[in-house]
Amino acid sequence: MPGMMKRSVPKSPSHTLLAFCFWCIHLLCLVERCKAKDAANATTDPDEERALNAIFQYWGLSDTSDDWNISGDPCSGTAVDLSIRVSNPGIKCDCQSNGGGTCHITVMSVQDYPTERRRVIPEELLNLTYLTNLTLSEMGMEGFLPSFIGKFRHLRHLDISSNNFNGSLPPEIGTLPSLEHLDIRYNGFNGLLPPELGNLSSLQELYMSRSGIGGEIPSTFANLRNMKILWASGSQLTKIPNFIGNWTLTDLDVSNNSITGPLPAFIGNITSMLSLDVSENNMTGPLPASIGNLKNLSFLAIQTIQISETFMDAAYTRGKNYTKCLIRSI
């Protein structure tokens, strides 16, 4: 009717929520755009750049892949493109943390660069304090692994495999709170595993086969509840510790050791196991029937004096289908 005021239709809660979501998305886009702009203008920390150049010169390395910028700012090009795999040799950088004005080297990877010149880990590496991934594999490294390796507080991945390191493994490795992956295979270390490694609460993968480290696994390793992979072939072990039964292992290799006695029954309780290799040991006695509980097992390599019918029934008549099964009866 004329003269009557129109009543406004209140907005539904769904429309209000939708408008709020669009506003949030717009704000996030602006933030990401600012970050990208800051990253594009960011440059490598000068101390890290000097250290990197000194290290590569010391090792006699140069970039041969044409992927990594060594003539200009190291943290540019593929070094800041996380969608591209790190080149070899190469680095990756983080240019968005700490305000985005400075890039920090977080990944260094050098693999399969043998040489006749003597290579060690220089102290200049200490300047790369933001490293999360350090891979120095098949480089002909010699000498002791320096104790300052324990100062890289952000390190999650350490691979020094297939080198010529000697001496004992520094206990300072046990002070790396974020370490998840440790690979020391195929080296010339000596002595025992440092018990301090039991402090690596984040550790998930330990590769120590033929590293030169020998003896038993320290009791402190019982604290490593996140362990998923242990490769300890050729490590002079004489037993499989009971606390391994509390790990959520997917892969256990203790082949080529001096383990005696029967295979522990608790192995059958690690139902997450995918691969089990206990071959080339001095084990005796029948296999425990509990092995049949490993429903996810796809690789099995064993050496035993007797294969029991209980095991055969548990492993095969219940529908187990091993991709590869190596059973050697002695």
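Report follows, based on the coordinates. (Residues numbered from 1 in each chain as written. Predicted model: local features only at pLDDT ≥ 70, side-chain atom pairs only at ≥ 80, totals over all residues. Heavy atoms only, no water.)

Things to note about the layout of surface pockets
Left-over empty space is what a probe sized like a water molecule reveals as it rolls over the atoms.
Then, number 1: By volume, the second largest pocket amounts to about 150 Å³.
Then, number 2: Around the second largest pocket, the lining residues are Arg85, Val86, Ser87, Asn88, Val107, Ser109, Gln111, Asn133, Thr135, His157 and Asp159.
Then, number 3: Looking at the lining of the second largest pocket, the elements that each hand over two or more residues are β3 (102–111), β4 (133–137) and β6 (157–159).
Then, number 4: Of the residues belonging to the lining of the second largest pocket, the class tally is two nonpolar, seven polar and two charged. (1 Å grid on protein atoms, 1.4 Å probe; cavity = no way out; pocket = protein on both sides within 12 Å on 5 of 7 lines; lining within 4 Å. Points joined across faces, edges and corners; volume = space filled by probe spheres on them. Helix = DSSP H or I, 4+ residues; strand = E, 2+ residues; numbered from the N terminus. Nonpolar A, V, L, I, M, F, W, Y, C, P; charged D, E, K, R; others polar.)

A closer look at the pattern of salt bridges
Then, number 1: Under the criterion given, the structure shown has two salt bridges.
Then, number 2: In this structure, aspartate 47 and arginine 50 form a salt bridge, with 2.4 Å as the shortest nitrogen-oxygen distance. Within this pair, aspartate 47 and its partner arginine 50 are both found in helix α2 (residues 46–59), separated by three residues, close to a single helical turn.
Then, number 3: Under the relative-accessibility criterion, aspartate 47 is labelled partly exposed at 42%.
Then, number 4: Using a relative accessible area of 52% as the deciding quantity, one classes arginine 50 as exposed. (Salt bridge = Lys/Arg side-chain N within 4 Å of Asp/Glu carboxyl O. Buried < 20%, exposed > 50% of the residue type's maximum accessible area, 1.4 Å probe, protein only.)

A short note on the environment of serine 298
Then, number 1: Take serine 298: it is sitting in the loop between β15 (282–283) and β16 (299–304).
Then, number 2: Residues serine 298 and serine 275, spaced 23 residues apart in sequence, show a C-alpha to C-alpha distance of 6.0 Å.

Concerning the environment of alanine 301
Then, number 1: In this fold, alanine 301 is placed in strand β16.
Then, number 2: Distance from alanine 301 to serine 275, taken between C-alpha atoms, is 8.5 Å for residues 26 residues apart in sequence.

Points about the sheet that holds strand β5 (residues 142–144)
Then, number 1: Read from one edge of the open sheet, three strands run β5-β7-β9, paired in parallel fashion. Unpaired on one side and paired on the other, β5 and β9 (188–189) mark the two borders of the sheet.
Then, number 2: By the bridge criterion, three bridges tie β5 to strand β7 (residues 164–167) in an arrangement that is parallel. When the bridges of β7 are listed, glycine 143 appears paired with phenylalanine 165. (Pairing = 2+ DSSP bridges.)

Some details on the state of the cysteines
Then, number 1: In total, this model carries two disulfides according to the counting rule given.
Then, number 2: There is a disulfide in this structure between cysteine 75 and cysteine 93, and the S-S distance comes to 2.1 Å. The sign of the -75° torsion about the S-S bond sets the cysteine 75-cysteine 93 disulfide as left-handed. In this pair, cysteine 75 is assigned in the loop between α2 and β2 (90–94) and cysteine 93 in strand β2, connecting sequence segments 18 residues apart. Each member of the pair, cysteine 75 as well as cysteine 93, is classed as buried.
Then, number 3: Through a disulfide, cysteine 95 is tied to cysteine 103; the S-S separation comes to 2.0 Å. Judged by the torsion about the S-S bond (110°), the cysteine 95/cysteine 103 disulfide is right-handed. (Disulfide = S-S within 2.5 Å.)

Points about α2
Then, number 1: Here α2 contains 14 residues, and its C-alpha end-to-end distance of 20 Å stays within 8% of the 20 Å for a straight helix at 1.5 Å per residue.
Then, number 2: Every buried residue belonging to α2 is among Glu48, Ala51, Leu52, Ile55, Phe56 and Trp59, and all of these are buried. Relative to the axis of α2, the buried residues are bounded by an arc of 125° and lie together on one face. Facing away from the buried side of α2, by more than 90 degrees, are the exposed residues Arg50 and Gln57.
Then, number 3: Among the structural elements, β2, β3 and β4 are those in contact with the buried residues of α2.
Then, number 4: The N-cap of α2, judged by a side-chain oxygen 2.9 Å from the amide nitrogen of aspartate 47 a few residues on, is aspartate 45.
Then, number 5: Looking one or two places after α2, you find glycine 60, whose phi comes out positive at around 70°. (Expected span 1.5 Å × (residues − 1). Arc of directions from axis to C-beta. Contact = heavy atoms within 4.5 Å. Polar contact = N/O pair within 3.5 Å; in protein donor to acceptor, adjacent residues only side chain to side chain.)

Some points on unusual backbone geometry
Then, number 1: Put simply, asparagine 88 and proline 89 share a cis peptide bond, and its omega is -5°.
Then, number 2: Positioned with a positive phi, glutamate 280 is a non-glycine residue whose angle comes to about 55°.
Then, number 3: Residue placement: glutamate 280 occurs in the loop between β14 (275–277) and β15.
Then, number 4: Take glutamate 280: its relative accessible area is 37%, and that puts it in the partly exposed class.

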